[in-house]
Amino acid sequence: VKDYDPILTKDLANALAKIYQQENFKQKNAQIQNSLKSLKLQLDNAEKEYRNDLLRLQEYRKVHRFITIPEKSNRISVKLTENEENLEKIKSDIKQIDKILLRLQNNPDYLRFISLDLILNHQNVVLNGLQSQIDKIENQIIELSQYFTNEHPNIKTLIHQKKQTINNIISELKAFKNSLQELRLKDQQKWNSLNKDYESLPLQSIEIQNLEQEVETSRNIYQQLKINYLQSIVKQSDVIQEVFIIRPAFTPSSPINSTKIAPTTLAGMIIGIIFGIILAFIAETFDTTFRTIDDIEETLGVSVKGIIPFIDINEIKESLTLDEEEDVSLETLKLRSRLISHYSPKTTIAESYRGLRTNINFSLIENGYKTIMITSSVAGEGKTTVSMNLAISMAQTGLKTLLVETDLRKPRVSTVLGIDREPGLTDYIFRRDSLDNCIKGMSDLMMGTLGSDSIHDGSIPGIEYLSILTAGKIEKKSVRNYCREKIY
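Residues numbered from 1 in each chain as written. Predicted model: local features only at pLDDT ≥ 70, side-chain atom pairs only at ≥ 80, totals over all residues. Heavy atoms only, no water.

**Student:** Can you help me understand the overall build of the protein in this one?
**Tutor:** Helix and strand content of the protein: 19 helices and three strands. Taken over 488 residues, the protein has a buried fraction of 28%. Intrachain contacts of the protein at a sequence separation of at least 6 include 71% that bridge at least 24 residues. (Helix = DSSP H or I, 4+ residues; strand = E, 2+ residues; numbered from the N terminus. Buried < 20%, exposed > 50% of the residue type's maximum accessible area, 1.4 Å probe, protein only. Contact = heavy atoms within 4.5 Å.)

Below, the structure is given as structure tokens:
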């Protein structure tokens, strides 16, 4: 309280304090009652909402018959693989039967030089029995031919039996082919059904994540409201007195806070100028940031081969979703953003990798080098991302490329490409496996992330020129200590 009359100032301050104390006491106690009723209503609604969200989640899991998306994905993937293998075996058997029938028309003795149970993947007991009968008849003919001519009655009978058996084999082969074609049609329908279920998994994953998030949110709201309600019940039992007058106001003997505009303004200006100069000098002295490429080349004495922009996951998500019609999860987009040279080759980031590839190729040709090491000053600066994209860019030009993962602390190449990490570099160093078995080629990559997406892409250019040597099994005993022991 400020006033020209000191006594009025004292009385007004004390009166305001007493009135505030009384009104605060009334409002706080009345506020507790209203707050308790409101909290009870909110608590009941939150509990009902939480139970409804939980029931929706349980019903969705029950309808789709799975606990987690990865488990269902693995189960369907195994069934698809088995179905594809059966289809390939059936197709192979049908082709083999066509070849056998064609050759039997030209040479009935062709059955003497083949074994049906070895050629066909699906065994036929009737065919095996008929072929055994042919072999038995042929052996009898050979034995009798040593003593009689082909005009002998027994030999004629055996020849007739042989022809009849061959006709039976031809008929059985045709019937077996028809049964295989029916089996192929059934397996193809089964594969189509499994593939449809597999393609619907991303949508189910998004739906179940949304339901789980709703359950978690409603549960947190319910728990917080319950805590607040219990606290209000405890407060209701006590009479609240939050404001106390510790010391009343007294009559001042002299004026306080006299105004001194000029000296205060002058002192502030001088102090501000001094501190501004000091802070500017400190900032300029300790600023060691490289702002241009020329600064880097001049300070470090090296040449810059390329600049890779920062990868923003939101921009990559927009770019990839424009190129693809299906919905993909955020985790899949994060993995694909590391392979931007393959999934979005028309972006500026992919072009920067191709520019880096071109500059490095010129350096390799000039100096005769064949090996490149990629490293960084600290973790998380993009060694793995740059290495994989640069390797893919080189392989796309037809250059045979081997990507060696020597980051034994946090290896990520196998995770991004969807291939096995073992065997790898450490297995070759410790002589647990040969170098040829440790290097992953086109077949391994086709079974991984690149191969799973080739259905949509149509093809993977340059995949045959790319090989991967993953980190392998991470040992407690480091590779560095192992190599040091071998040297000493």
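**Student:** Which parts of the structure should I look at to understand the side chain of S387?
**Tutor:** Mapped onto the elements, S387 comes out in helix α13 (residues 383–396). Ignoring any residue separated from it by four or fewer positions in sequence, one finds S387 in contact with I374 and L403.

**Student:** I tried to follow the pattern of salt bridges on my own but got confused; where do I start?
**Tutor:** Between side chains of opposite charge, a pair can form as their charged atoms come close. Counted according to the given criterion, the structure contains seven salt bridges. Note that D44 is salt-bridged to K40, the shortest N-O span being 3.8 Å. Here K40 and D44 lie together in helix α1 (residues 6–64), a separation of four residues that amounts to about one turn. The residue E351 makes a salt bridge to R354 at a minimum N-O spacing of 2.8 Å. Of this pair, E351 and R354 both sit in helix α12 (residues 348–367), three residues apart, which is roughly one turn of that helix. (Salt bridge = Lys/Arg side-chain N within 4 Å of Asp/Glu carboxyl O.)

**Student:** Mind showing me how you'd approach the packing of α12 against α13 here?
**Tutor:** Relative orientation and spacing of two packed helices are given, respectively, by the angle between their axes and the distance between those axes. The N-to-C vectors of α12 and α13 enclose an angle of 70°; their axes lie 9 Å apart at closest approach. Taken together, the axis directions place α12 and α13 in an arrangement best described as roughly perpendicular. Contacts from Y353, R354, L356, R357, I360 and N361 in α12 reach T385, V386, N389, L390, S393 and M394 in α13. Across the contact of α12 with α13, the residue classes break down as six nonpolar, four polar and two charged. (Axes fitted to C-alpha atoms, helices over the stretch in contact; angles between N-to-C directions. Parallel < 35°, antiparallel > 145°, perpendicular 65-115°, else oblique. Nonpolar A, V, L, I, M, F, W, Y, C, P; charged D, E, K, R; others polar.)

The values are spatial; any link to function lies outside them.
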